Amino acid sequence: MAFAYKRILRYFFRGLLFVVPIALTVYVILLFIQFLDGILPIPVPGLGILIMLAFITFVGYLAGMFITRPLFEEFERWVFKIPLVNILYTSIKDLMSAFVGDKKKFNTPVIVKLSENVSRLGFITQDNLTVLQEEDLVAIYFPHSYNFSGNLFLVPRENVRILKNVKSADVMKFIVSGGVSHLGQD
């Protein structure tokens with residue numbers, strides 16, 4: 001009887017390891033889609049997202065055109081003059097461009113020696129800090145595990161070692177998962 005009980009329990013936990021990640025992933029994606037679809041109050045499900053995607057693509061097309069590019073640059077100059085909006089706008093724009101822009105930032109994974117026995121994984125975000133008069137320092141972003149936040153540290157260049165044999169996405173997944181995700185190699 002105890003043997004059957006343990007076997008059933010083991011099957012249950014194995015099934016849990018399979019079902020919960022899939023169910024939570026689908027649930028989060030559905031919540032995100034519902035949120036995006038709810039931004040535009042259109043009674044047809046999914047139409048709000050399609051309109052939003054088309055609008056964003058159209059704005060991207062206009063922003064890249066030779067004729068309309070000066071209008072977008074003028075708009076940004078105007079936004080830069082508003083004190084609080086300037087900080088918010090530039091922070092969000094820099095963060096977005098770190099992931100999808102021409103100046104992607106989280107593409108150089110590193111391991112940083114914090115002490116004799118402790119190192120931490122992160123990403124170089126600025127390699128040149130001469131504007132701060134700190135030629136020997138680099139800016140490293142350390143994402144938090146199980147959270148979409150992190151800390152930025154300025155560390156001595158000699159404590160930083162670039163990881164060349166792993167993908168940035170794998171390192172980010174490894175950090176965010178608290179080190180339980182598999183760290184693949186190229």
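The model shown is predicted, which means the values in this text are computed figures rather than measured ones.

Taken as a whole, this structure holds 2 salt bridges when the rule is applied. The shortest N-O distance in the salt bridge between Arg 77 and Glu 74 comes to 3.0 Å. Here Glu 74 and Arg 77 lie together in helix α3 (residues 69-80), a separation of 3 residues that amounts to about one turn. For Asp 127, the salt bridge is made with Arg 157, and the minimal N-O distance between the two is 2.8 Å. Taken together, the residues span a long stretch of sequence, with Asp 127 in the loop between β2 (119-126) and β3 (137-143) and Arg 157 in the loop between β4 (150-156) and β5 (160-162) at a distance of 30 residues. Judged by relative accessible area, which is 35%, Arg 157 ranks as partly exposed.

With that out of the way, let us pick up the pairing of strand β1 (residues 109-113). As judged from the 5 bridges shared by β1 and β2, these two strands associate in the antiparallel manner. Its bridge partner lying in β2, Pro 109 is registered against Phe 123. The turn joining β1 and β2, which pair antiparallel and follow one another in sequence, is formed by 5 residues. Of the strand pairs in this sheet, β1 and β5 are connected by 3 bridges, and their pairing is antiparallel. Residue Val 112 lies in a different strand from β5, and its bridge partner there is Val 160.

Rules of the game
- Residues numbered from 1 in each chain as written.
- Predicted model: local features only at pLDDT ≥ 70, side-chain atom pairs only at ≥ 80, totals over all residues.
- Heavy atoms only, no water.
- Salt bridge = Lys/Arg side-chain N within 4 Å of Asp/Glu carboxyl O.
- Helix = DSSP H or I, 4+ residues; strand = E, 2+ residues; numbered from the N terminus.
- Buried < 20%, exposed > 50% of the residue type's maximum accessible area, 1.4 Å probe, protein only.
- Pairing = 2+ DSSP bridges.

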